[in-house]
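A closer look at the structure
Listed here are the chains, written in short residue letters.
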Amino acid sequence: MSSNHTIVVGVDETPAGASALRWAAREAELRDAELKIVHVWQIDAAVAMAGAEVPWMAYESDARSNAARWVTETIGAQDPNGRPRRIDVVQGAPGPTLVEASREADMLVVGTRVHTGISRVLFGSVSHYCLTHAQCVVVAVPTVSTGDLLDVESADELVEH
């Protein structure tokens, strides 16, 4: 793990993604760390299998503008120091893409949601993949943030020293 003081957060437009983003932004502020926001998008499997020509640029543009709008609505367009938030928008499989994005980071933050039965088989678990493959600390934030429930100031307070 590098000591470049970077927290990577994987986001999507879900309540779990919002919880992870809020938690990571607060943690980055407490640790005076850079917050690297990563939104991973994929072409819908039905579109890809249809064999139709895929308008990649349009999909990427939509993913980029939707992610920017969503991040702005969730935590604001600027960090506490007035710097614009940077959002990396990447096409790929979410788990492997987030693990790669966090390779030099101090921490990777992901949201969690309940997958049971067939949805777990079909969609897998991005948080589980990250927890088992990342080479840095991984924080899996439930839809309702543990930090909100316990009113903890930092992840350090959750760890016994």
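Quick look at the structure, then. (Residues numbered from 1 in each chain as written. Predicted model: local features only at pLDDT ≥ 70, side-chain atom pairs only at ≥ 80, totals over all residues. Heavy atoms only, no water.)

Turning next to the overall build of the protein chain. Helix and strand counts for the protein chain stand at seven helices and five strands. Ordering the α and β elements of the protein chain from the N terminus gives β-α-β-α-α-β-α-β-α-α-β-α. Sorting the 161 residues of the protein chain into buried and exposed places 40% on the buried side. Counted over contacts in the protein chain with a minimum sequence separation of 6, partners at least 24 positions apart contribute 77%. Surface exposure of the protein chain reaches about 9500 Å², of which carbon and sulfur atoms provide 54%. (Helix = DSSP H or I, 4+ residues; strand = E, 2+ residues; numbered from the N terminus. Buried < 20%, exposed > 50% of the residue type's maximum accessible area, 1.4 Å probe, protein only. Contact = heavy atoms within 4.5 Å. Areas by Shrake-Rupley, 256 points an atom, 1.4 Å probe, with all protein chains shown as cover.)

Let us look at helix H1 (residues 15-31). Between the first and last C-alpha of H1 there are 24 Å, a value that for 17 residues agrees with the 24 Å anticipated at 1.5 Å per step. Among all positions in H1, only Ala16, Gly17, Ala18, Ser19, Ala20, Leu21, Trp23, Ala24, Ala25, Glu27 and Ala28 are buried. Of the residues trailing H1, Asp32 is marked for its positive phi of about 50°. (Expected span 1.5 Å × (residues − 1).)

Turning our eyes to something else, we now look at the environment of Leu35. Residue placement: Leu35 occurs in strand E2 (residues 34-41). Along the chain, Leu35 and Ile87 lie 52 residues apart, while their C-alpha atoms are 9.3 Å from each other. If sequence neighbours within four positions are ignored, Leu35 has contacts with Ile7, Val9, Ala24, Ala25, Ala28, Ile75 and Arg85.

Spatially, five strands are ordered E3-E2-E1-E4-E5 in an open sheet, and the strand pairing comes out parallel. Strand pairing shows two members of the sheet lacking a second neighbour, strand E3 (87-91) and strand E5 (137-142), which therefore form its edges. If you compare each strand with its neighbour and ignore which way they point, the axes differ by 25° on average. Against the sheet, helix H4 (residues 94-101) contacts strand E1 (6-11), E2, E3 and strand E4 (107-112), and its axis sits at roughly 155° relative to E2. (Pairing = 2+ DSSP bridges. Axes fitted to C-alpha atoms, helices over the stretch in contact; angles between N-to-C directions.)

Counted by the stated rule, this structure contains eight salt bridges. Put simply, Glu34 and Arg86 hold a salt bridge, and the shortest N to O gap is 3.4 Å. Placement of Glu34 in strand E2 and of Arg86 in the loop between helix H3 (56-75) and E3 is noted, with a sequence separation of 52 residues between them. Judged by its relative accessible area of 44%, Arg86 is partly exposed. Put simply, Arg64 and Glu60 hold a salt bridge, and the shortest N to O gap is 2.8 Å. Here Glu60 and Arg64 lie together in helix H3, a separation of four residues that amounts to about one turn. Overall, the relative accessible area of 38% leaves Arg64 in the partly exposed class. Overall, Glu60 belongs to the partly exposed group, its relative accessible area being 28%. Ionic contacts of the salt-bridge type, sharing partners, join the residues Glu13, Arg69 and Glu73 into one network. (Salt bridge = Lys/Arg side-chain N within 4 Å of Asp/Glu carboxyl O.)

The residue Ile37 is located in strand E2 in this model. For the pair Ile37 and Arg85, spaced 48 residues apart in sequence, the C-alpha separation works out to 8.0 Å. Every residue in contact with Ile37, bar those within four places of it in the chain, is listed here: Val9, Val11, Leu21, Val71, Ile75, Arg85, Arg86, Ile87 and Asp88.

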